[in-house]
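Here's the letter readout for the chains.
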Amino acid sequence: MEQARSRALDAGVSPRERARFAVRRTVNLVMAGLVGLAALIGVAVMLFILGYVLVQGWQALSPTFFSQSAQPLDFDAKGQPIAGSGGGVLMSILGSLLILGLAALISIPLGLLAGMYLSEYGHGKFAFLVRYVADVMTGIPSIVTGVFVWSLVVITTGHFSAWAGALALSIIMVPIITRTVEEILRLVPNALREASYALGVPQWRTIVKVVLPSAASGVITGIVLAVARAGGETAPLLLTVLGNEAINWNPSQPTDALPLRIYDYATQPYAVRIEQAWGASFILIMVILVFSLLTRIATKGKKVG
Amino acid sequence: MDNTQIKEAPQDASAEGYNTPVATGGKSMEIRNLKAYYGSYLAISDVNMEIQPNKVTALIGPSGCGKSTLIRCLNRMHEVTPGAPRVEGEVLLDGQNIYAPSADPVKVRRLIGMVFQKPNPFPTMSISENVLAGIKLNSGRLNHAQAAEIVEQSLHRAALWDEVKDKLGKSGASLSGGQQQRLCIARTIAVNPEVILMDEPCSALDPIATLKIEELIEELKAQYTIIIVTHNMQQASRASDFTAFMLAQDGPGHLVEFGPTQQIFTRPTQKRTEDYITGRFG
Amino acid sequence: MPARPTFERELRDLQDELLVMSSMVDKAISRSIEALKNRDLGLARLVVSDDQKVNDKRFEIEEKCILITATQAPLASDLRTIVAVLNVITDLERMADHCVGIAKIAIMTGNEPPLKPLIDIPRMAEQSRSMLRRAMDAFVARDVAAANAVANEDDIVDQLYDQVYRELLTFMLNDPRTIDRATHLLWVAHNLERIGDRVTNICERVNFLVTGRMEEYKAAKQV
C-alpha cells in the first residue's frame, strides 16, 4: 500500500517512467497545438477571403453601387472605361431577394413538413426512400438542377423567369432543410414527447406545440444555412433567370441575381467591371453573414434542454 | 399543505370542459391477461392484477423485468414506445377496458396521468405554462382568472406552491430536480386524472427530494389511485399499500407475487420475492 | 459466494452472540439452583453479580441489531431475524433476572436448615435448561416443529410447579413455623415456572422467524 502510493506520486520513479511521462506531456502539448492551429486556419481563411474581396472591390463600393441598376460603361478618349461608371447592382440585390424569397416560400414549408415526417413518423421503407433521395439530392451538381429546370420550365413556358430560378434553388434547398430539420427534431429528447402524450395531447399537437418550439433555434439555423447555400448558387440561375439589367419585380420575367452578376462581370475584359464583380461578391458575403448573425441573435437562449 | 381549502374551492371555473382540479376520487384498475410485445418479442406475459382505488401500488423487480413496460401499458403509453410495440389483454379503468376498439388512447391518457423517471418539464415554457400545458396544448381556452386558479391549486397539491409562487413566469428548467418533478406532478394533476402512474419518479433525485415526493404521494392518494414503479425497496415499503413483484427469469416478465406491502416486505410467500427484497437475488 | 457477504456475516455474528447470551443464562439457572441446594452463598453472589454481564450482553446485542437495521435495511426474513433476536434477548435477560431472584433467596435462606431435600425444584430447573437449549437450537435451525415440541414441554414445568406448590402448602398447613421457608421455596419454584414461560416465548419467536406469523401458544392452551 505504502509502496504503491509512493510509486504513484513520488519523484523516486525510474528514469524510464519519467521519460515516458515527458513524452506523454509533449505529445499532449503538440496535439493541443495542432488542434488549435487547425481552428485558427479555418477562421483565418474566412477572414482572408473577406479581406481580399473587400480590398479588391473597395473602389466599386460607392453609394451609387447600391442605389443604381447596371448602366453602360463610359469610355474616355483613349477608349478606356472610366472608373466609377457602369452604374450599380441594385437590380441584382433585389433580384436575389426576390428569387430567394420565392424559393424560401416553396422550400421552407416543404422541407419543414418532410423533416417532421422523417423525424416523427418515418420508420418504414418509404421513410428510408425519402431520406435516401434527400441525401442524393444534396449531392446533385447544381448545374444539373439548372438544366433540369431549364428544360422543364424555361422551355415549356418559353421564357426565363424568377419562378424558374426559385424552383431550381428550391430543389437545392428542400433536401437540406428536410435533413437538417429531421436531425434537429431527433435531438429533442423523447421525454418531452412522452410528457406531452401522457397529458393526453395528440401526436400532431405534440409535434407542433412541443417538439417544434423546443427545436426552434436549430430549425431556424438549418433554414438559414439552406438559404445561404442557395443564395450563392450561380449555375442553376444561369439557365433559369438569365439576368436582367433593370430592376424586375415580376416573377415571370427574367431577373437578375448577385451571383449571376458576379459571374457576368468577372468574365468581362474591363477592370471597372471586374472591380464591380468584387464589390458584388462582398455584398453577397455580407448579406449572408448579417442574415445568419441576425438569426443567431434572434434565437439566442431558445435551446433544447 | 392545506388540502381542505383546495377541496372547497369554487367549481364554477369550467370552460370548454376543463375544471379546476377537484377531488374526484381515484378509480380502481384491473389488469387481465396482459401481454406486451416489442415486435415478436414478448416482454411481459399474463399479468393479472387488481389495483385498489385510492391506494398506492408499487411495482418492484430487477432491471428488465418489465415493470416499466407494464406501467406504460396502463395508460397506453406502451404503443408510443419505439420498437413495434403491441399489447394483448385487457386493462379496465373503473370497469371499462382502455384497450377496447372504441377507446381513444388520447382520452385514456387524460384519465390516467404519468410522471416519468427523469423530470421533464417543457423547457420552452414557464412554470405556470407547464402546469397548464395539458390544457393549453389541447387548445382548451381559459381566461386569466381560471388559469391562475388552476396553476395555484395544482401547485398547492403538488406541494410546490410556496416554493415557486413568486416566480411562476420563470422557466421550469430553473427549478431543482425535486422541484421539477413536483412540477411534473402538478402538470399531471392539472388535467384531473383519476389514476397517476409514476415510473421511478425519484431515481434522479436526492434523498430529501425523494422523501418530499413520497410525502406527496401519501397525500395524493386521498384523491387519486397511484401506481409507482420503483427500484428502491425502502421506497416501496414506505410509500405503498400494495406491492407487486415482477421477474423475467427464463422468459418474459411476469408477476411473481402481489399483496399488501406490509406482507411482502415482512413475510413474502415466494422464495424469489424473499431473495429479491433481501438483496440475495441472482 | 453469498450475495451480501458482509450482511450475512453480521447476521451470523448476531446469532452467535445470542447463543453466548443464552448459555450465560443457562449457567445462571444451573448455578442459582446449585447455590440453593448446597447453600453455597459464594456461588449465589456470583449469580447476582454475573447478572450485570447478561445485561451488558443484552444491550450489546440490541445495539448490533440497531446498527444492522440502520446500515443494511433488512427486509423479510432478515428483518424477522433481527426482530426475533431483539425479543429473545429481552426474554433471556428476564430469565437471568429470575435466576437472580433464586440466588437472592439462596442468600436469604443460607443459614436456615433446609425445609426438605430439594427434588422437584432441581427437576424444574433441569427441565427449563433443557428446554432453553433446545429452543435455541430450534432458533438456529429455524425449526418450527422442534420449537413447538419444546413449547409443549412447558406443561411439564407447570405440572412440577403445581406439585411443588401443593407439597409446600401441605408443609405450611401442618406446621405454620415452616411458612417462612416454604414461601421462599415457592418463590424459587415460581421463578423457575416463569423461566419456562420465557422459553415458550422464545419458541413463539422461532415460529415468527420462520412463518412471519405472531401467535401465542399460551393463549391457545388456556382457552
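Bear in mind that the values here come from a model prediction, so they are computed numbers and not experimental data.

Caption draft 1: Seen up close, the packing of helix H3 (residues 76-108) of chain C against helix H7 (residues 179-211) of chain C. All names here are of chain C. The geometry of H3 relative to H7 is characterised by a closest axis approach of 9 Å and an angle of 170° between their N-to-C directions. Overall, the two elements H3 and H7 adopt an arrangement that is roughly antiparallel. When grouped by side-chain class, the residues that make up the contact of H3 with H7 number twelve nonpolar, seven polar and six charged.

Caption draft 2: Representation of the sheet that holds strand E3 (residues 56-60) of chain B within the structure. All names here are of chain B. Taken in spatial order, the six strands make up an open sheet running E6-E7-E8-E3-E9-E10, and their pairing is mixed. Two strands in the sheet have a free side with no partner beyond their single neighbour: strand E6 (112-115) and strand E10 (254-260). Taken over all neighbouring pairs, the strand axes of this sheet differ in orientation by 20° on average, direction set aside. Pairing geometry for E3 and strand E9 (residues 242-247), over four bridges, is parallel. Pairing of Leu-59 across the sheet is with Ala-244, part of E9.

Caption draft 3: Just the interface of chain C and chain B, in detail. If you look at the interface, chain C gives ten residues, while chain B gives 13 residues. Considered class by class, the residues forming the side of chain C that touches chain B number five nonpolar, two polar and three charged.

Caption draft 4: Spotlight on the interface of chain B and chain A. Opposite the 21 residues of chain B that make contact, chain A presents 19 residues. Elements supplying a minimum of two residues to the side of chain B that touches chain A: helix H3 (105-111), E6 and helix H4 (127-136) of chain B. Top contributing element to the side of chain B that touches chain A by residue count: H3(B), with four residues.

Caption draft 5: Up close: the packing of helix H6 (residues 142-157) of chain A against helix H7 (residues 162-187) of chain A. Residues and elements named next belong to chain A. It is the contact of H6 with H7, at a shortest axis distance of 9 Å, that shows an interaxial angle of 140°. The angle between H6 and H7 falls in the class oblique. The hand of the H6/H7 crossing is right-handed. Between H6 and H7, the residues in contact are Ser-142, Thr-145, Gly-146, Val-149, Val-153 and Val-154 and Ala-164, Leu-167, Ala-168, Ile-171 and Ile-172, respectively. Split by residue class, the contact of H6 with H7 holds eight nonpolar, three polar and no charged.

Caption draft 6: Summary view of the environment of A:Pro189. With respect to the secondary-structure elements, A:Pro189 resides in the loop between H7 and helix H8 (190-198). Each C-alpha atom, one on A:Pro189 and one on A:Val89, is 47 Å from the other, the two residues being 100 residues apart in sequence.

Rules of the game
- By convention here, each chain's residues receive numbers from 1 onward along its written sequence.
- Both sets of labels track the order of writing: A upward for chains, 1 upward for ligands.
- Only residues with pLDDT of 70 or above have their local features reported here, since the model is predicted, and side-chain atom pairs are shown and tallied only from 80 upward, although totals for entire chains, interfaces and linings are computed over all residues.
- Angular values range over 0 to 180 degrees, each being the angle between N-to-C directions of two axes fitted as lines to C-alpha atoms, with helices fitted over their stretch in contact.
- Strands are runs of DSSP state E lasting at least 2 residues, helices are runs of H or I lasting at least 4, and numbering of each runs from the N terminus.
- Just so you know how the angles are binned, under 35 degrees is roughly parallel, over 145 roughly antiparallel, 65 to 115 roughly perpendicular, and the rest oblique.
- Any residue outside Ala, Val, Leu, Ile, Met, Phe, Trp, Tyr, Cys, Pro, Asp, Glu, Lys and Arg is labelled polar, Gly included; the first ten of those are nonpolar and the last four are charged.
- Between any two strands, at least two bridges found by DSSP are needed for them to pair.
- Any pair of residues counts as being in contact when their C-beta atoms, constructed from backbone geometry, are within 7 Å of one another.
- Left-handed describes a crossing whose near helix is turned anticlockwise from the far helix through less than a right angle; right-handed describes the clockwise counterpart.

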